[in-house]
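An overview of the molecular structure
Each chain is listed here by its residues.
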Amino acid sequence: MDQAVRVLLRMAPALPNAERASAETLCLPQHQSLTDEDLHRVVAELRRSLAARA
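Report follows, based on the coordinates. (Residues numbered from 1 in each chain as written. Predicted model: local features only at pLDDT ≥ 70, side-chain atom pairs only at ≥ 80, totals over all residues. Heavy atoms only, no water.)

1. What to know about the overall build of the chain
If you tally the helices and strands in the chain, you get 3 helices and 0 strands. Secondary structure elements of the chain, listed N to C terminal, follow the sequence α-α-α. The C-alpha radius of gyration computed for the chain amounts to 16 Å, which surpasses the reference 10 Å derived for 54 residues by more than 25%, pointing to a less compact arrangement than a globule. When the backbone C-alpha atoms are referred to their principal axes, the chain occupies close to 45 × 30 × 20 Å. (Helix = DSSP H or I, 4+ residues; strand = E, 2+ residues; numbered from the N terminus. Rg over C-alpha atoms; globule rule 2.2 N^0.38 Å.)

Now the structure itself:
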C-alpha cells in the first residue's frame, strides 16, 4: 500500500456503520458485458470461498 494512503487512512475518522456494512456486504460483478465464462468463474469462486468458510 502506498505511504500516502496509509497516512490518509490513519487520519480518517472511525466509521463503524460503514465498516460493519462493508464486512456484511458481498459485491458481485454484474453488467451486460459479462460472458458465460465470466459468470461461471464468478460462481466457481463464490462456491470456493463459501466452501473454505465451512
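2. A word on helix H3 (residues 36–53)
For H3, built from 18 residues, the straight-helix expectation of 26 Å at 1.5 Å per residue is met to within 8% by its first-to-last C-alpha distance of 26 Å. Burial analysis of H3 places just 0 of its 18 residues in the buried class, a small minority of the element. (Expected span 1.5 Å × (residues − 1). Buried < 20%, exposed > 50% of the residue type's maximum accessible area, 1.4 Å probe, protein only.)

3. Some details on the environment of Arg 10
Mapped onto the elements, Arg 10 comes out in helix H1 (residues 3–11). Along the chain, Arg 10 and Ala 52 lie 42 residues apart, while their C-alpha atoms are 31 Å from each other.

4. Thoughts on the pattern of salt bridges
Going through the model one piece at a time under the given rule, you end up with 1 salt bridge. A salt bridge links Arg 48 to Glu 45, with the shortest nitrogen-to-oxygen separation between them at 2.9 Å. Of this pair, Arg 48 and Glu 45 both sit in helix H3, 3 residues apart, roughly one helical turn. Judged by relative accessible area, Glu 45 falls into the partly exposed class, the value being 35%. (Salt bridge = Lys/Arg side-chain N within 4 Å of Asp/Glu carboxyl O.)

5. A few points about a nonpolar patch on the surface
On the surface, a cluster of nonpolar side chains totalling about 300 Å² of accessible area is made up of Val 7, Leu 8 and Met 11. Among the structural elements, Leu 8 can be located in helix H1. The class of Leu 8 is exposed, set by a relative accessible area of 54%. (Patch = residues over 30% accessible without salt bridge, like charges linked within 9 Å, V, L, I, M, F, W, Y side chains within 5 Å. Areas by Shrake-Rupley, 256 points an atom, 1.4 Å probe, with all protein chains shown as cover.)

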